[in-house]
Amino acid sequence: MKRFLTLALVCAGISACTTTTTGPSGYGMAMTAVDDVRANEGQITSFGYELSSFNNWDGRMSYLEEDGQARVSLRLRQDGGEADYVDLAIAMPYLDGGVRRFYGHTAGGERVAVELQAGPCEAAPGNGHTYFAVVSYGGETLSGCGREVARDDNWSNYLMSYLPAIDACLDEMGDRARHVSVAYTLPGGNIAIRLVDRETQTWECATREEGMAINSLRQLDGVDIMHGEGDPIFVRGEYPDFGEGCYVYETVRLADGSLVGSFGFDTCNATLVSSREPGVG
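Remember, it's a predicted structure, so these values are computed and weren't measured experimentally. Every chain's residues receive numbers from 1 upward, in the order its sequence appears when written. For a predicted model such as this one, the threshold for reporting local features is a pLDDT of at least 70, and the threshold for listing and counting side-chain atom pairs is 80 or more; totals across whole chains, interfaces and linings nevertheless cover every residue. Only hydrogens and water are set aside when side-chain values are computed; all heavy atoms of the structure are taken into account.

Colleague: Just checking my understanding: could you explain the environment of Ala118 for this structure?
Modeller: Only runs of H or I of at least four residues qualify as helices and only runs of E of at least two qualify as strands under DSSP, and these elements are numbered from the N terminus. By secondary structure assignment, the location of Ala118 is in strand S8 (residues 111-118). In this structure the C-alpha to C-alpha distance between Ala118 and Phe132, which are 14 residues apart in sequence, comes to 6.3 Å. Pairs of residues are marked as contacts when any of their non-hydrogen atoms sit within 4.5 Å. For Ala118, the residues in contact, after removing those within four places along its chain, are Thr130, Tyr131, Glu250, Thr251, Val252 and Arg253.

Colleague: Can you help me understand the pairing of strand S5 (residues 69-78) in this one?
Modeller: Regular strands show a simple pattern: their side chains alternate between the two faces of the sheet. Pairing between strands requires that DSSP locate at least two bridges from one strand to the other. Across ten bridges, strand S4 (residues 57-66) lies against S5 in antiparallel orientation. Residue pairing in the sheet places Arg60 in a bridge with Arg75 of S5. Here S4 folds back onto S5 in antiparallel fashion, the turn holding two residues, of which Asp67 has a positive phi close to 55°. Across five bridges, S5 lies against strand S6 (residues 84-92) in antiparallel orientation. Considered in S6, the bridge of Arg75 is made with Tyr85.

Colleague: What exactly am I supposed to notice about the pairing of strand S7 (residues 100-105) here?
Modeller: Relative accessibility thresholds used throughout: buried, under 20% of the residue-type maximum; exposed, over 50%; partly exposed, between the two (1.4 Å probe, protein chains only). Most of S7 is tucked away: five of the six residues are buried. Across three bridges, the pairing between S6 and S7 is antiparallel. Directly across from Leu88, in S7, lies its bridge partner Gly104. In this structure, S7 lies alongside S8, joined through six bridges in antiparallel fashion. If you follow His105 over to S8, its bridge partner there is Arg111.

Colleague: I tried to follow unusual backbone geometry on my own but got confused; where do I start?
Modeller: Leaving glycine out, the prevailing phi sign among residues is negative, and the prevailing peptide bond configuration is trans. Going from Met92 to Pro93, the amide bond is cis rather than trans, its omega being 0°. Position of Pro93 relative to the elements: it lies in the loop between S6 and S7. The residue Glu210 is not glycine, and still its phi comes out positive at about 55°. Following the sequence through the fold, Glu210 ends up in the loop between strand S13 (202-208) and strand S14 (213-219).

The structure is reproduced here in C-alpha cells:
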C-alpha cells in the first residue's frame, strides 16, 4: 500500500496522471474530498497514522484505495466524546516542502486540515511518536503527535535512536557516502548502518559503544540485500530537490524547526539503493 501510494501521488504531482483541482491554500488535490461522514470502523486499514495529545483529543488516519486512487479517512475524537469521521484529500504537490498535508470538509461543510511534520514529538503520551501533528477542525487548531501504523515496523521509525551511529558511520565514510539505506541492530545489541556511496555501492558500517565507535566497514554485494533496505533512504542534514536521484523527500525536523535530514522514497526503482521486492504497508 505504501509503495502504491508514493508512486500514485508522485505520478499525479509530476505528470498529471490524475485529474487535479485547486484546493485551500493553493494546493492541488489528487482527488476530490468527499463530504459524507464515514463511520464504519471496518474501513480502518493497516497503513496510516495514530494521532494523540495531552489536550484530550486523539485520532486515526487510514489510507484507503478505491479504483486505483488513494484517499484518507480521518477519525477524530475530542474530550472523550463520540468520534467524528471525515474523508480527506491528499494535498498536491505531494510532500510539498517536505511535509504531509491533507484537506477536506465535514458533513456540515466545515473545513478540515491536517499537517504532519516528521520528527521526534514528545508532547503526547506513549512511545514511538515520529510526527508533529496539527489538525484544524471546527475552528480550532489541535496540536499533538503522530506515529505511523503499518504492517511492517519500518526502520525509519527509530531514526533518532540510530542517529549517533549514522553520524559516526558518515564520518568514517567521508565524502564517499551519498545516503543511508537502512539501520538495524546486530546480534549482541550493536548497531549497523548501511550506506550507499557515489558509485551506488552499498557498505555495512558496524558500530559499538551505543553507536559512538566503529567496529568495521565492509562493502556488500547483491546477496546481502535485507528487508526494508532503501525504503526509505535517509539524507543527513539536507533537503534535496523534489525528484533528485529519483526520490521524493520528506523532511525530518526537531521541535524548534531545525533540520535533521530527509527521508527519500524511491519513485522509479532507482539503482541508487539495493533493489528488493517492494514492502507491504
